Amino acid sequence: MARYKTYDYRQRVLLPVSLEDQLMPGTLEFAIHTLVEKRLDMSVFDGKYHNDETGRAAYDPKILLKVVLLAYSRGLISSRKIEQACWENVVFIALACGQQPDHSTIAAFVSSMRDEIQPLFRDVLLVCEEMNLLGGTMFALDGCKLPSNASKEWSGTFSELHKKKQKIEAKVAQLLAEQMQADQNEENPPEPKGSGKNLQQQVKKLQKKAALIEQWLAKNQPKIGAVGREKQSNVTDNDSATMMTSHGVVQGYNSQALIDAKHQVIVHGEASGDGQDHGHVPPMLTGALENLQRLGHEPDYFEGKIFTADSNYHTLVNLQKCQELGLDAYIPDCRFRNRDPRFTTQKRRQVRRFTLQDFHHDEALDQYICPNGKILKLVVKRVLNRGHLYRKYYASETDCQICPLRPRCIYGVGAKRKQLFVPINSLSHQMVEKIQTEEGRRIYPQRLAIVEPVFANIRINKRLDRFTLRGKIKVNIQWLMYCLVHNIEKILNYGMVYG
Ligand code: SF4
């Protein structure tokens, strides 16, 4: 007969557990623990607590920060899940030193770090600097658009939101009328869409929605875009924006990061409710410079340093900012691949389109001659397009419509006659020519290897697929926390964590 070892779940076991021993050197939890204990200036939190004489003792911000950073590194962004981890996961239990902060404490801690997050980010950056992780020769800027805790169904211009409210009110009136008719016609009652309690609940819900829109419209002002047109507002989070991404339209934030090339350390991060990338170069460079100055660098730190950003950032304001800081910038325009011979084998580029260089400028008459020998006349002397000033030359409609070279001519799908945009500002033109040089074609593609691993790490490894907070300030805190985790990982992998 088989014999097995006996077991008894009622037995009592006393296990000696050292919480510190659970934090093994060489792990991220150990790096977070060591940095928070030894290198981060946590006194920045002290002013927020006023419980020295009355009130109960608060959770130490060190405990909360460590737990949140580890949770973000493991893809736990929900404060309820972080709370659960502090009860169930031995590493979290060790890092929290056996304490179990609840989800509201964790959420309130993250949301309230407006003034503290930047100093903490700089403290970690200083450690990166001391460990020689910052190369300081080349920087790349990019951003990713992430949904946030805001509903895109509650977006629209003020007139659209007014219409939405009227529609809801009309629906309420219709439901009430149907119910009234049903009550009056007791002998042969028609079927109302909702009935009894359900109908009352539905009406209440719709009335609440209409009241919410009305209150919101009364308190807020329309958002006006750069060209003077009204932008979409959002009732749930008005700082967020409706953004186009490769996965469709999202309501959220554009998270920007400026990255040092040597070990892909983030030197500045910022989340913004502006779906377009082109407005971010000045604030990102200014923010990075401020961070680097706090580390002891001079205001002319960026002078002569290489800076790359993709064609979404190619605007006059951005180029001027780079020039002002003395950066050796590489920001191509959106047609740069069409001019690059290395891309001619790409199927969609096999028919090379004409570019400005294919048009001959007749200086005496200030007109252009196209490759078909036809004249393009100056029609608009100054036109602003994506922050750049252009002169606009038009071909004749009759010439273009019968032209055999039309499929190869400059873009302008559906345009009856071709329009040639000639940049007035030399900065843009200089940049176009700089990108076309051998040096430009060697340096610019390095951007991909600098920025993409960073966003892949945060979005895929750290599973950041949406922000859970509302408002620019809070979302910015969350984004900087992810940047912090990324930089701490760099310290762990390439630097040395104090034992
Ligand atoms: S399409 Fe018009 S502008 Fe282009 S080559 Fe022909 S005639 Fe010239």
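Provided above is the structure to which this section pertains.
Summary of the structure given here. Since the structure is predicted, the reported quantities are computational estimates derived from the model, not experimental observations.

Quick notes on the rules
- Residues numbered from 1 in each chain as written.
- Predicted model: local features only at pLDDT ≥ 70, side-chain atom pairs only at ≥ 80, totals over all residues.
- Heavy atoms only, no water.
- Buried < 20%, exposed > 50% of the residue type's maximum accessible area, 1.4 Å probe, protein only.
- Helix = DSSP H or I, 4+ residues; strand = E, 2+ residues; numbered from the N terminus.
- Pairing = 2+ DSSP bridges.
- Patch = residues over 30% accessible without salt bridge, like charges linked within 9 Å, V, L, I, M, F, W, Y side chains within 5 Å.
- Areas by Shrake-Rupley, 256 points an atom, 1.4 Å probe, with all protein chains shown as cover.
- Salt bridge = Lys/Arg side-chain N within 4 Å of Asp/Glu carboxyl O.
- Contact = heavy atoms within 4.5 Å.
- Near = heavy atom within 4 Å.
- Nonpolar A, V, L, I, M, F, W, Y, C, P; charged D, E, K, R; others polar.

## Examining the pairing of strand β8 (residues 266-272)
- Most of β8 is tucked away, with 7 of its 7 residues classed as buried.
- In this sheet, β8 lies alongside strand β7 (residues 248-260) in antiparallel orientation, the contact comprising 6 bridges. Within β8, the residue paired with I259 across the bridge is I266.
- In this structure, the hairpin formed by β7 and β8 is closed by a connection of 5 residues, where Q264 is found at a positive phi of approximately 55°.

## Side note on a nonpolar patch on the surface
- A contiguous nonpolar patch, built from V13, L15 and V17 and spanning about 330 Å² of accessible area, is present on the exposed surface.
- With respect to the secondary-structure elements, L15 resides in the segment before α1 (28-38).

## Notes on helix α10 (residues 316-325)
- The complete set of buried residues in α10 reads L316, N318, L319, K321, C322 and L325.
- Those residues of α10 that are buried are in contact with α9 (281-294), β9 (306-309), β10 (328-330), β14 (388-394) and α13 (426-436).
- Just past α10, the residue G326 takes up positive phi, approximately 75°.

## Brief notes about the environment of Y9
- With respect to the element layout, Y9 can be found in the segment before α1.
- In sequence terms Y9 and V227 are 218 residues apart; their C-alpha atoms lie 72 Å from each other.

## So, the site of the ligand
- Surrounding the ligand, one finds C370, N372, K374, A395, D399, C400, C403, R406, C409 and K418.
- Tallied by class, the residues present in the shell around the ligand amount to 5 nonpolar, 1 polar and 4 charged.

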